[in-house]
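# Summary of the model geometry
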Amino acid sequence: MRHLMSPLDFSVEELEHLLDLANDIEQNPEKYAHACDGKKIATLFYEPSTRTRLSFEAAMMNLGGKALGFSSADSSSASKGESVSDTIRVVSCFADICAMRHPKEGAPLVASLASKIPVINAGDGGHQHPTQTLTDLLTIRSLKGRLDNITIGLCGDLKFGRTVHSLIEALVRYPNVKFVLISPEELCIPDYIREDVLKASGHEFEEVTRLEDALPKLDVLYMTRVQKERFFNEDDYVRMKDFYILDKEKMKLAGPDMLVLHPLPRVNEISTEVDSDPRAAYFKQVQYGVYVRMALILTLLEVKVC
Amino acid sequence: MRHLMSPLDFSVEELEHLLDLANDIEQNPEKYAHACDGKKIATLFYEPSTRTRLSFEAAMMNLGGKALGFSSADSSSASKGESVSDTIRVVSCFADICAMRHPKEGAPLVASLASKIPVINAGDGGHQHPTQTLTDLLTIRSLKGRLDNITIGLCGDLKFGRTVHSLIEALVRYPNVKFVLISPEELCIPDYIREDVLKASGHEFEEVTRLEDALPKLDVLYMTRVQKERFFNEDDYVRMKDFYILDKEKMKLAGPDMLVLHPLPRVNEISTEVDSDPRAAYFKQVQYGVYVRMALILTLLEVKVC
Amino acid sequence: MRHLMSPLDFSVEELEHLLDLANDIEQNPEKYAHACDGKKIATLFYEPSTRTRLSFEAAMMNLGGKALGFSSADSSSASKGESVSDTIRVVSCFADICAMRHPKEGAPLVASLASKIPVINAGDGGHQHPTQTLTDLLTIRSLKGRLDNITIGLCGDLKFGRTVHSLIEALVRYPNVKFVLISPEELCIPDYIREDVLKASGHEFEEVTRLEDALPKLDVLYMTRVQKERFFNEDDYVRMKDFYILDKEKMKLAGPDMLVLHPLPRVNEISTEVDSDPRAAYFKQVQYGVYVRMALILTLLEVKVC
């Protein structure tokens, strides 16, 4: 039995299979509409994340299955002091597969060790959120046709943004990916990513401060939020924040095929006037998130559809 | 694609179709049991309303569909500052139709403008709650056989009661409806309803203070809650409140066919001793609420059942 | 129409039928996979109990049905002051059967009197939790082959532990059951159980303070939590608590076929090193909990499967 804890749990080849399956689901939803009839997913969300939870539930329902679970620790027995190991042993009697969100790093891993059913890490603190990365990869591959030979800009809070770290780690496995890292100095990429991932893999990358400088050369722009409280002082925040807000004006600097991605929710880092730009792909990304979760559920449950 | 924001969104003719469909569902539930197989409703409740939420979920389930969503803002991403426009764009990837409850007036309308799926306003602050009005209309038409030629008493808090305002606006579209407005002076119908709706439409109406005075002439009595905190002072409340509590004794003043409706929940404004009176229709009303929501889902999803 | 308020609502004969049905479900799950197609359970949980709620929802889903409801009073209309009688009348329009958890003793009984659908008491304060008792009985009967002729040890907080009281009341209906009551003096079995249930029924029982003294003679050990706050003072708690923690060492004193049960959640009263012992049956117990709830739903809904 297999779990999903990190986006790197899948080899490049396994990942290709998963993304192929997701694309087949996209093309032929009817073919998969009963693949999980009679099966159940448990969504164990120890902290709220509506988008992720509903995406998993929708994915299982699209496959003919059902969903049960809880949406925050308050409404769970967690308050009675039960360990996640015990909880997952119990939930193993209720469901066929589980998606767990937990504020504590490593909690889904601990759960997976005790589990009788596949466990999907649906986000554990600042650590991993593998289905977001799978979603990002599927979106790029589907809309660009490839994961290699691209120049991707990653913009915003590159220091704390776990989706950015995971995406870099996933993409360095493909040849000829160039990274443009766009952030204020305070929020630049951590050393272990710069040294152990980017330099170690031999991929080309550059670090810039202004989004405008990066836009013209990008195939993909991955936007993230710059949270005010991350800055050392108010002045820096005020001085810098506009650099990281994507608007119609800045979009003029980008090429005609550049994709804009965002893990959502956004606050104001992408102006709503960009939404109608054909290059804006962040809502399509949500849809790909459902397809990739459907493919993941099928894969972990070893359900074959002919 | 069509949404439902206000009870007046449907013309009288469209409404007749909807109510006919609801009655056909009531008579032949089996015929509709798979009409929405494979479809999903998202119940996005930014404030709790168990009754309304479960009514929508039950309606979709009765049609063979499934439900997902959240039951309060706490357990949603709303706390992360996402706009309702973004939320509905995201949820459009998860579900086929959406029922949204929001404390802010107009929020469902804003959502509908960005949505890729039909949005039903399931209550927006003190503004509109159209499926309650549809429920009221279906209940009266089903049990009285008509929406015209009736005398309806509306009792309680007529000033702030949005269900009352909506029901009046819906009923003035039918000929020969007489309104008896029963309330303490402090809580009487607002001017814009009295002038722009009742007087403008030319319907007969009268305003009275005591329920006893109205009861003998009514075909339908629509009860609502009189909240203590609406009164200017405690004395007025104590002096008045019994006027607006319906009990066995007062029911003796009513005709043998008068229907008692109430949008629920009630606190004490209808004594439980009235529950067993055959004229008490407020629990039947809940059942009609499910039928009318089933009809609404089918209509907005343009699902035809032969 | 029948409800389930107390584990004694079923006669011994009816109980045998129910447990037989549960075992048939265990052996032939496919046979029952569509027994409740198109039916719905409402889980009305006025206080959170994830395990119990998910068990009911999983049970209904395993039968082909669906689930709706609420997981805590906060997200329900309870805050609007509605009575449980009114709530259940309303919910009767939404679902075919209901499981109600309530902090107030007797609330499910009050609900059942107004209900149009079968109500299952899913725990009412310190009073009753009948499906836990049914689960315990099914587990013992399935793994021991019988409910008579056993020696059962009940360990921990025997004063306040409602599952213990219910299990004793259920087991005295079988011949030749011996009870060993293991607890600190402060938490010993209440008089009404000792006198009116155990002595009155003529069953053999003894009361001991140390788990070690009991272990060698038991067929079944039923563990419960000893909550610190139940003790009169910290010293007593420290002195005593290890007596009631089951670990590998103590398990050596038990026979090779002794079953360990626990209603869960546990805190530390069973060391996790016991989990891999083949005699540990507390997670199997959770699975039996689903089977017995499936059998219960079928029985109360009078669904026959051939």
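Everything discussed here concerns the structure shown above.
As a starting point, this report considers the structure included with it. (Residues numbered from 1 in each chain as written. Chains lettered and ligands numbered in written order. Predicted model: local features only at pLDDT ≥ 70, side-chain atom pairs only at ≥ 80, totals over all residues. Heavy atoms only, no water.)

## A word on the relation of the copies chain A and chain B
Taken as rigid bodies, chain A and chain B are interconverted by a rotation of 120° and an axial shift of 0.1 Å, the fit giving an RMSD of 0.0 Å. Expressed as a symmetry operation, the mapping of one chain copy onto the other fits a three-fold axis. No C-alpha of chain A lies nearer the rotation axis than that of Lys 66 of chain A, which sits 4.8 Å from it. (Least-squares fit on C-alpha atoms with pLDDT ≥ 70 in both.)

## A closer look at the pairing of strand S5 (residues 150–155) of chain C
Residues in a regular strand point their side chains to alternate faces of the sheet. Residue and element names in this part refer to chain C. Within S5, 6 of the 6 residues are buried, which leaves it mostly tucked inside the rest of the structure. Neither face of S5 is left uncovered, since the one carrying Ile 150, Ile 152 and Leu 154 and the one carrying Thr 151, Gly 153 and Cys 155 both have all their residues buried. Taken together, the 6 bridges between S5 and strand S6 (residues 177–182) define a ladder with parallel strand orientation. Its bridge partner lying in S6, Thr 151 is registered against Lys 178. What joins S5 to S6 is helix H6 (residues 162–171), and the crossover it makes is right-handed. Where S5 and strand S8 (residues 220–223) come together, 4 bridges link them in parallel fashion. Paired with Cys 155 across the strands is Met 223, a residue of S8. (Buried < 20%, exposed > 50% of the residue type's maximum accessible area, 1.4 Å probe, protein only. Helix = DSSP H or I, 4+ residues; strand = E, 2+ residues; numbered from the N terminus. Pairing = 2+ DSSP bridges. Right-handed = clockwise from strand over helix to strand, strands pointing away.)

## Comments concerning the interface of chain A and chain C
Listed by partner, the interface residues are 17 residues for chain A and 25 residues for chain C. Summing both partners gives a buried area of about 2,000 Å² for chain A against chain C, and 57% of it is carried by carbon and sulfur. Residue Glu 82 of chain A is joined to Arg 51 of chain C by a salt bridge in which the shortest nitrogen-to-oxygen separation is 2.4 Å. One can count 6 residue pairs in polar contact (both at pLDDT 80 or more) joining chain A with chain C. Of the residues forming the side of chain A that touches chain C, the biggest block, 5 residues, is contributed by strand S2 (residues 66–70) of chain A. Of the residues contributing to the side of chain A that touches chain C, the split by class is 6 nonpolar, 4 polar and 7 charged. (Contact = heavy atoms within 4.5 Å. Buried area = accessible area lost by both parts, 1.4 Å probe. Salt bridge = Lys/Arg side-chain N within 4 Å of Asp/Glu carboxyl O. Polar contact = N/O pair within 3.5 Å; in protein donor to acceptor, adjacent residues only side chain to side chain. Nonpolar A, V, L, I, M, F, W, Y, C, P; charged D, E, K, R; others polar.)

## With respect to the pattern of salt bridges
Residues and elements named next belong to chain C. All told, the structure shown has 48 salt bridges over all chains when counted by the stated rule. In this structure, the salt-bridge partner of Glu 207 is Arg 194, at a minimum N-O distance of 2.6 Å. Here the residue Glu 207 occupies a position in strand S7 (residues 205–208), and Arg 194 occupies one in helix H7 (residues 191–201), the gap between them amounting to 13 residues. The exposure class assigned to Arg 194 is buried, which follows from its relative accessible area of 14%.

## Looking at the sheet that holds strand S9 (residues 259–261) of chain A
Residue and element names in this part refer to chain A. In space, the 5 strands of this open sheet follow the order S7-S6-S5-S8-S9, with parallel pairing throughout. One side of each edge strand has no neighbouring strand; the edge strands of this open sheet are strand S7 (205–208) and S9. Sheet twist, expressed as the average angle between the axes of neighbouring strands with direction ignored, equals 20°. Bridge count between strand S6 (residues 177–182) and S7: 4 bridges; the pairing is parallel. Paired with Ile 182 across the two strands is Val 208, which belongs to S7. Its contacts with the sheet place helix H7 (residues 191–201) against S6 and S7, and it is angled at close to 140° to S7. (Axes fitted to C-alpha atoms, helices over the stretch in contact; angles between N-to-C directions.)

## Observations concerning the interface of chain A and chain B
Counting residues at the interface gives 24 residues for chain A and 17 residues for chain B. Here chain A packs against chain B, burying approximately 2,000 Å² in sum over the two surfaces, 57% of which is carbon and sulfur. Three residues stand out in chain A for area buried against chain B, namely Leu 54, Met 61 and Phe 283 of chain A, and they jointly supply 29% of the buried area on that side. Put simply, chain A and chain B have 2 salt bridges between them.

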